[in-house]
Amino acid sequence: VFTVAENQILDKLTGYIGYDTTTALGCFYPGGSYCNLVGMLCSRHHRYPKWKETGNQSPIQVIASINCHYSVDKGMSMMGLGTDNLIKLDFEKTTVKEMEKILESKNVFLIVSTFGTTCHGILEDIEKFRPLLRKYNVWHHIDACQSGSLLFSSKYRHLAAAFKYSDSVTIDCHKGISISQQCSCVVVKHGRTLTDASKTTAVYLFHEDDNHDISNRSFQCGRKADGFKLWFMDITTDLDAYTTRIYDRASEMKEIVRRDDRWNLLYPDSLSHICFRVRADPKADLHAIVSHLRKENIFLEYHLDYIRLVPTNPKLTDSMFKIMLDRIYQTFEVLGKNT
């Protein structure tokens, strides 16, 4: 039953992504980092299928954004590629000519873009490189852990229109639409690659004649029924309206911050994140502010010199949010007077 539910919701996601549902495959794994690793492994197997038996035979490179998730670095280590072979670029500033020079001089088999960066919530666009990726046979993996859940929203789905050109996509539904931890999946356009990359022979467990035996899509045999949570939510909730409301709320709350003279709104183009700092003191000690608020059971996240909020609760009202902003500023004022 859980396998049938998982396949059904994966088919729906596959259609939203724009892959062919008859050839693409997906699987739920324990966390987005795991899913990104699977995407990376699929990309290597697609280019070097024999390396599954022989191991890495020569240095090969991966290109990722300077804002990529740390799981890409970890993946390089776990795959035995070495982090020295991870090339990090500013995709916005890198020109097509510069990218081609790298692809000509290096043995790049994979590029990873991020759809919803961890720190800023930015949707990275590498469409300008698409002809080069095709020319040099470079696999494109999209880390959409943060914002990929917008696929369920008919209002925001167009922002992911370029997904159909990628080779694999990772999505964390426990991040984007607040499903209980954990609910992460990867969908691979070349579904056979997902199976072949991890497939092994174990006649006492795996039965290829059984359409419901999807064990060989995973590096582990036993898995929790994480996909069932998303499937159940989809059939019991208007997931389109629910997801749309979450992203609408983020936009509305950014507008509240923008209109409040106490704050400087940062990264206004972010879809999911609300990033801001104290206007009166851009270098305010945020660690001290956050630590003080935690004593009141108010928990906030911050990044270096700005506060970062990622609202995923559609029931969060304007008044609740304004009360939180007031408490942050009051704490800033109190701490300022005590220094």
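Preceding this paragraph is the structure being described.
Now for a description of the structure that goes with this document. Along each chain, numbering runs from 1 in the same order as the chain's sequence is written. Note on the predicted model: pLDDT of at least 70 is required for a residue's local features to be given, and 80 or more for side-chain atom pairs to be given and counted; whole-chain, interface and lining totals, by contrast, use all residues. Heavy atoms throughout the structure, all of them, feed into the side-chain values; hydrogens and water do not.

A separate point is the pattern of salt bridges. Only one rule defines a salt bridge in this text: a Lys or Arg side-chain nitrogen within 4 Å of an Asp or Glu carboxyl oxygen. Applying the stated criterion across every chain, the model contains 18 salt bridges. Measuring nitrogen to oxygen at the nearest pair gives 2.8 Å for the salt bridge that ties arginine 130 to glutamate 127. Working definition: with a 1.4 Å probe on protein chains only, accessible area under 20% of the residue-type maximum means buried, over 50% means exposed, and in between means partly exposed. For arginine 130, a relative accessible area of 26% translates into the label partly exposed. By relative accessible area, glutamate 127 is classed as partly exposed at 27%. Across the salt bridge formed by glutamate 255 and arginine 258, the nearest N and O atoms sit 2.4 Å from each other. Of this pair, glutamate 255 and arginine 258 both sit in helix H10 (residues 239-259), three residues apart, which is roughly one turn of the helix. Glutamate 255 gets classed as partly exposed once you look at its relative accessible area, which sits at 24%. For arginine 258, a relative accessible area of 48% gives the class partly exposed. In this structure, a network of salt bridges that share partners links the residues Arg245, Arg249, Glu252 and Asp318. Going along the chain from the N terminus, every DSSP run of H or I of four or more residues is numbered as a helix, and every run of E of two or more is numbered as a strand.

With an omega of -5 degrees, the peptide bond between glutamine 181 and glutamine 182 qualifies as cis. The phi torsion at serine 178 lies on the positive side, around 60 degrees, for a residue other than glycine. Summarising the element assignment, serine 178 is placed in the loop between helix H7 (173-176) and strand S7 (184-188). You can call serine 178 partly exposed: its relative accessible area is 36%. Despite not being glycine, asparagine 297 shows a phi value in the positive range, around 65 degrees. Locating asparagine 297 in the fold gives a position in the loop between helix H11 (286-294) and strand S10 (301-303). Given the relative accessible area of 62%, asparagine 297 is considered exposed.

This part covers the sheet that holds strand S11 (residues 306-309). Spatially, S8-S9-S11-S10 is the arrangement adopted by the four strands of the open sheet, whose pairing is antiparallel. Taken across any chain shown, the strands that pair with only one partner, and hence form the sheet edges, are strand S8 (263-266) and S10. In this sheet, adjacent strand axes meet at a mean angle of 35 degrees when their direction is disregarded. Here, two residues are considered to be in contact whenever any of their heavy atoms come within 4.5 Å of each other. To get an axis, fit a line to the C-alpha atoms, keeping to the stretch in contact for a helix; angles then go from 0 to 180 degrees between the N-to-C directions. Taken strand by strand, H10 contacts S8 and strand S9 (274-278), and its axis lies near 15 degrees from that of S9. Pairing between two strands requires that DSSP report at least two bridges joining them.

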